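Descriptive structure summary
If you want the building blocks of each chain, they are given just below.
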Amino acid sequence: MSVNSVKILLIEDNLAEARLLQEYLKCAKFQQFRLVGVQRLANALEELQKDRNESHHFNVILLDLTLPDSQGLASLEPLMRQAPNLPIVVLTNTNDDELAIEAVRLGAQDYLVKRHVTPELLARSLCYAIERKQAAETLREMNESLALENQKRMTELLKAKELNQLKSEFVSTIAHDFRNPMNTILLCSGLLQSSGDRLTEEKKLKHFRLMQSAIKNMAQLLDEVSLMSQSDSGRLEFQGRSMDLVEFCQQLLEHFQLGVGEKHELDFVTNLEAIFGLWDESLLHHILGNLLMNAIKYSPNGGQILLEIIGEEKQVIIRVRDRGIGIPATELPKLFQTFYRASNVEDIPGTGLGLAIAKKCTETHGGTISVESELGIGTTFTVTLPWCRGEAFGQ
Ligand code: ATP
Ligand code: MG
């Protein structure tokens, strides 16, 4: 036994019985016992509460199953709740075998039939109860830490598996999106090689243009992939330069205007003539480029595309609004995930990287991005960026 003297909480309303037990314990030769006796369950719970501040804690509870304020097994539960680590030995009358066995099943360590108790039996039962409870506790702790360890390992395994799945999904999507323009290049160059002398200049030019646009597509895809990896490894950084955001947007829109036909009307509105500040041109290019490209691409029937800039005291709100196909409401929360494409894109081509990139770039610029959309009516993306005027502007 690891304890020098065993401290017992005896819960017994019959004082004569209590006295007898105390005498028995005095006889024990191999172990010293200290007894604290109470007559009611309520007092026992109070003692256990007090025990928390004592230096010599109780080692075991000796419980009579017939008390004035609690009958039978009902005493067990509150005691075990109050002192989950304390072993309990129950005292029963001669004809209470079933009750005693049930008590052990419910968590008591042992039972003693009052009439059959001898000094030796009592001392041994108490000591064994303490040892068994300690062993059970150690086992429980070991099990708990084992379960925790297992859980940790499972989570790590799952994460690794998820990462692998993501990686292979990434590779197969990118590979697929590279194959299309590569096929175009192969086809056009093959045609030019085999029957170049029979083609009109106009046809030749058309094939060269197709090849150039395929190469541009591949370069753009490479750019996007490398930007994603930059962002994932924390290498995407804000590099502000003093410039006018209004002028930047106007130029970007002019550039887009050249690429669209008559169907689309690209408009620009702003509440301020100039919005000077520290802006990262490259991040803005990715953000607005992707939003404008989407607005045009997902309005196959044309219509107005509006780029709106509102300069406020501390922030700038940039909106890109179109009257295109819209996005199903249930899919909006997933829109900024890598490779996510809404179910209504039909045969409009895309990889599903643009918005993920726009979001990463917006966040790198210290801002937020959100979307509102109505299926078949149109979509509005809103980017809010902090307006950092910079020292160069004396603010
Ligand atoms: P890419 O990587 O070439 O940009 P993508 O355009 O499909 O491909 P995202 O730009 O990330 O990918 O857009 C994700 C999806 O969000 C699109 O596939 C489309 O379903 C939906 N979406 C984005 N912008 C709009 C818009 N303006 N109108 C309707 N749907 C849109
Ligand atoms: Mg896109």
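Look a little higher up for the structure.
Everything numeric here is computed off the predicted structure, so don't read it as measured data.

1. With respect to the packing of helix α6 (residues 201-232) against helix α9 (residues 354-364)
Interhelical geometry of α6 versus α9 gives an angle of 40° and a closest axis separation of 10 Å. Classified by the angle between their axes, α6 and α9 sit oblique to one another. As for the relative orientation of α6 and α9, their crossing is left-handed in sense. Contacts from Glu224, Leu227, Met228, Ser231 and Asp232 in α6 reach Ala356, Ile357, Lys360 and Cys361 in α9. When the residues that make up the contact of α6 with α9 are grouped by side-chain class, the tally is five nonpolar, one polar and three charged.

2. With respect to the sheet that holds strand β6 (residues 88-92)
Read across the sheet, five strands follow the order β2-β1-β3-β6-β7 without closing on themselves; strand pairing throughout is parallel. Looking at the sheet topology across the chains shown, the edges are occupied by β2 (32-38) and β7 (110-113). Pairs of neighbouring strands in the sheet enclose a mean axial angle of 25°, with direction left out of account. Where β6 meets β7, four bridges bridge the pair, whose relative direction is parallel. Paired with Val90 across the bridge in β7 is Tyr111. The strands touched by helix α2 (residues 41-51) within the sheet are β1 (5-11), β2 and β3 (60-64), with β1 carrying the most contacts at an inclination of about 150°.

3. A closer look at the packing of aromatic side chains
This structure, assessed with the given rule, holds one aromatic pair. Each ring, one from Phe336 and one from Phe381, has its centre 6.2 Å from the other, and the planes form 90°; the classification is edge-to-face. Here Phe336, found in the loop between β12 (315-322) and α9, pairs with Phe381, found in strand β14 (residues 378-386); they are 45 residues apart in sequence, far enough to count as distant. Per residue, the accessibility class of Phe336 equals that of Phe381, and both read buried. Sitting above the plane of the Trp387 ring, Arg389 keeps its charged end 3.7 Å from the centroid.

4. So, unusual backbone geometry
You will see that Phe339, though not glycine, has its phi angle at about 70°, which is positive. Locating Phe339 in the fold gives a position in the loop between β12 and α9.

5. Brief notes about the site of ligand 1
The environment of ligand 1 is formed by 22 residues, the closest being Tyr298, Asp322, Arg341, Leu353 and Leu355. Within the contact set of ligand 1, a nitrogen atom lies 2.8 Å away from a side-chain nitrogen or oxygen of Asp322. Within the contact set of ligand 1, an oxygen atom lies 2.8 Å away from a backbone nitrogen or oxygen of Leu353. For ligand 1, whose free accessible area comes to 590 Å², the fraction covered by protein is 96%. Where the shell around ligand 1 is concerned, the elements lending two or more residues are α8 (281-297), α9 and β14.

Conventions and cut-offs
Residues numbered from 1 in each chain as written. Chains lettered and ligands numbered in written order. Predicted model: local features only at pLDDT ≥ 70, side-chain atom pairs only at ≥ 80, totals over all residues. Heavy atoms only, no water. Axes fitted to C-alpha atoms, helices over the stretch in contact; angles between N-to-C directions. Helix = DSSP H or I, 4+ residues; strand = E, 2+ residues; numbered from the N terminus. Parallel < 35°, antiparallel > 145°, perpendicular 65-115°, else oblique. Left-handed = near helix turned anticlockwise from the far one by under 90°. Contact = heavy atoms within 4.5 Å. Nonpolar A, V, L, I, M, F, W, Y, C, P; charged D, E, K, R; others polar. Pairing = 2+ DSSP bridges. Phe/Tyr/Trp six-rings, centres within 6.5 Å; stacked < 30°, edge-to-face > 60°. Buried < 20%, exposed > 50% of the residue type's maximum accessible area, 1.4 Å probe, protein only. Lys NZ or Arg CZ within 6 Å of the ring centre and 35° of its normal. Near = heavy atom within 4 Å. Polar contact = N/O pair within 3.5 Å; in protein donor to acceptor, adjacent residues only side chain to side chain. Areas by Shrake-Rupley, 256 points an atom, 1.4 Å probe, with all protein chains shown as cover.

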